[in-house]
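Single-letter residue listing:
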Amino acid sequence: MKASGKGPVKFRMPTAENLVPIRLDIQFEGQRYKDAFTWNPSDPDNEIVVFARRTVKDLKLPPAFFTQISQSIQSQLADFRAYEGQDMYTGEKIIPIKLDLRVNHTLIKDQFLWDLNNFESDPEEFARTLCKDLGVEDPEVGPAVAFAIREQLYEIAVQSVSSARESRLSKKSRRGSDYGSASKASGLSMDLVKLFSFKSSVVRKWKDLDVYEPMVDLLTNEEVDALEAREERHAR
Amino acid sequence: MEVSTKDAELELYTIPAHSSWFVWEDIHEIERREFAEFFSESSITRTPKVYKEYRDFIINKYREDSSKRLTFTSIRKYLVGDVNLLRKVFLFLENWGLINYLKRSDDGSMEESEAKVEQGTPAGIRVTATPLSMRSVTVPPLVEERAEPAFKFSPLTSYSDVFTGSKKPLVCGHCGGESSCDSAFYQHTKSIVSLCDKCFKNGDYGENNSPDDFKLIAAASWTEEETLLLLESVLKHGDDWDLIAQSVSTKSRLDCISKLIELPFGEFLMGSSSGRLRSSIPTSEDENLSSPSNLVDQMKADGQEQKETETREENEDEPPAKRKRVAMLSDGGDSSLMKQVAAMACKVGPSVATAAAKAAIAALCDEASCPKDTFETTCDFTDFAVDRADGDKGTSDMEEQQEDKEGPQDLPVALRMRASVATALGAAAAHAKILADQEEREMEQLAAIIIDQQLKKMKSKLKFLDHLELIMDAEEQVMEGVKETILQERISVLQFAFGSDGFHHLLPKLLFSSAMVTEWSVATP
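An unreviewed UniProt entry annotates chain B as SWI/SNF complex subunit SWI3A of Brassica rapa subsp. trilocularis.

The name given to chain A in an unreviewed UniProt entry is Chromatin structure-remodeling complex protein BSH, with Brassica rapa subsp. trilocularis as the source organism. Under the UniProt heading Subcellular location (unreviewed entry), the entry covering chain A gives this text: "Nucleus". As stated in UniProt under Sequence similarities (unreviewed entry), the record for chain A gives "Belongs to the SNF5 family."

If you want it as structure tokens, here you go:
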């Protein structure tokens, strides 16, 4: 079995659009600003300032938030850029992505497989389809789902950079059996390798269906309040 | 257009005709191209088998309940693999109508593989009261047959402005009279006040305005007098546009130039007035000034050679033609062409040439009234010119004929040129037709000869074959006779052998040989 992958690729988000997930959670003088969005790292840096100023103005936040917001964005972008020069592991890597989030009144739980090496993948498109198929009306859910996917992809991509570095260091020792190398090299778990082999089918078994099925719940106001309270307690 | 599976026992599923390439058992070229990653053997998870499983599963799942639209989310939980890739397969199947190929329902809100047509405005746009002049564009819903409906868009206001052209009339600041925007008026340099022509001339400039404040804005259209003035001044001043603009007082320089170009013969006036290629041909007296006649000769010389090679359409299309003429002049090969014109004109009979000339002039006359008038009044000069040419047929001097054609000096340039052009064209056409007829007749003759020869060949071949057949028949007869005799011999031998009964040891051999005989002969007693 051939291990897939071309030569190493420079680090970037493994999606069709190279957008970085940015999460903001700033507390100041009793006010809290929480946000999550995607940022295009090739935008000029003054855009951050523009964005921060507009956000403060639109949400009527105290002016101190302005510096905090821009600083936070800057540091997250800097982290991203720090990885940019390095090589990323390329090779098929199918990972499970889990969704477990609440957006206003909608609760979503889901799990699915994502190929990290598929540079044509599009979390936004996936989120749009999900919301449309499940009849989700709240327009904030889609972007939140896409963001959650992106965050996880980002984490794993960062991991793959470090693993690529490690593998380069330990290049001298040859790998073991073919089977092992196939799964290691291709980043698949052993079960998946077996699934995709000649004998078995790619149709999922019954027992796994529940896990991989998306679930959407609409919460009542009381439930929302209860959940929010719980989250606040966890945050502190 | 739909294709359906025919078997009555199976369920009927409709897929569009453009997807009839699909087969269950195999993967088609279209699929291979679209999903090259499955067929490149570069990964464990992407193999043809996997692709086929995905595809078959999705289609089967859809067909479990083909009245309901299958969503991607409902299917992806069943299949292991990268969800983006699964989505790609799903979209591919949907676009080709292999799944979710639903009939339209009455409520019109069902989504299909084609674009959804909504009635009314989209949700995100608020409709405000529109001014009366603006009409919104409405799209009628799709027709059942999925044929392209005939969309009728009501025209936008900008369209009607541009194409039906409602130009605002000018209102004079002083007298308040309206005039069309084509006519000349005077515009105040500092304010927006405008005065009509009459008021300006009368001296009513309005309060505190002096005549200097007003700038003449020329009218867009040319009156007869202005055109006449222009022509006269061009003949008088030649290339000097400032003087011409002065004499044609109501028009600017640029206007004059453009108007002249538009006039059918204007190009020639301009070309000749630059004074190139002055010929030394003597001119006879003229009612006009002597210099115009020279110029007129010039133009005629230019025009003849140039018009030779131009088509009629280019005559009307002045600006590009003008450049062509410049190129021609620089070549300097005019004399040979002129000779050709003269030669052709004499070859053809005079009546033909006259008729052709008349017809051509009538056609070419349609452009402007000015040249038309001159044509009407001086039509007899054409005949005159042609007759002169005819009368001089005897002389072989081409130069003279040239001169003679230029005889009537008081003709305007355009007329003479057209006459010669028409003559040349007519003559050439007639001659060509005669030649063509001749050629055709010759060709027919030759073809007939060829056919004759072929027939003769066939006949002799047939004769030969007949002869052969006769010989073969004779041979056949002989063979038949030989066969008969041999058979008789055999029969007699057998009879003798069986009859005598003394040849027991010969019996097996005879039987064997008789078996042979019965093989290839017909009857034995």
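Structure's up, so let's keep going.
> How do you make sense of the sheet that holds strand E5 (residues 94–103) of chain A when you look at a structure like this?
Residue and element names in this part refer to chain A. The 3 strands are arranged E5-E6-E7 in an open sheet whose pairing can be described as antiparallel. Only two strands of the sheet have a single partner each, and these edge strands are E5 and strand E7 (215–218). Across the sheet, the axes of successive neighbouring strands diverge by a mean angle of 15 degrees, strand direction being ignored. Of the pairings in the sheet, the one linking E5 to strand E6 (residues 106–115) comprises 10 bridges and is antiparallel in character. Of the residues in E6, the one forming a bridge with Leu-101 is Ile-108. Docked against the sheet, helix H3 (residues 123–134) engages E5, E6 and E7, running at close to 135 degrees with respect to E6.

> Please clarify how the confidence of the model for chain A should be interpreted in this entry.
Any segment with low pLDDT has predicted coordinates that should not be analysed in fine detail. All names here are of chain A. Mean pLDDT for chain A: 78, with 79% of residues reaching 70 or above. Across residues 1–5, where pLDDT falls below 50, the model places 13 contacts with residues more than four positions away in sequence or in other chains. When the criterion is pLDDT under 50, residues 174–186 qualifies, and its contacts beyond four places in sequence or with other chains add up to 20 contacts.

> Could you clarify how one ought to interpret the UniProt feature "domain: Myb-like" (unreviewed entry) in chain B in this entry?
With numbering matched to this structure, UniProt assigns "domain: Myb-like" (unreviewed entry) to residues 221–256 of chain B. Spanning residues 221–256 of chain B, this segment combines 69% helix with 0% strand, and its end C-alpha atoms are found 11 Å apart.

> Quick question: what am I supposed to make of the pairing of E6(A) here?
Along any regular strand the residues' side chains alternate between the sheet's two faces. Residue and element names in this part refer to chain A. Within E6, 8 of the 10 residues are buried, leaving the element largely enclosed by the surrounding structure. The turn linking E5 back onto E6 is made up of 2 residues, and Asn-104 within it adopts a positive phi angle of 50 degrees. Pairing geometry for E6 and E7, over 4 bridges, is antiparallel. Within the sheet, the bridge partner assigned to Leu-107 lies in E7 and is Asp-217.

Rules behind the numbers
- Residues numbered from 1 in each chain as written.
- Chains lettered and ligands numbered in written order.
- Predicted model: local features only at pLDDT ≥ 70, side-chain atom pairs only at ≥ 80, totals over all residues.
- Heavy atoms only, no water.
- UniProt positions renumbered as here; feature names shortened; annotations may be inferred.
- Pairing = 2+ DSSP bridges.
- Helix = DSSP H or I, 4+ residues; strand = E, 2+ residues; numbered from the N terminus.
- Axes fitted to C-alpha atoms, helices over the stretch in contact; angles between N-to-C directions.
- Contact = heavy atoms within 4.5 Å.
- pLDDT = per-residue confidence, 0-100.
- Buried < 20%, exposed > 50% of the residue type's maximum accessible area, 1.4 Å probe, protein only.

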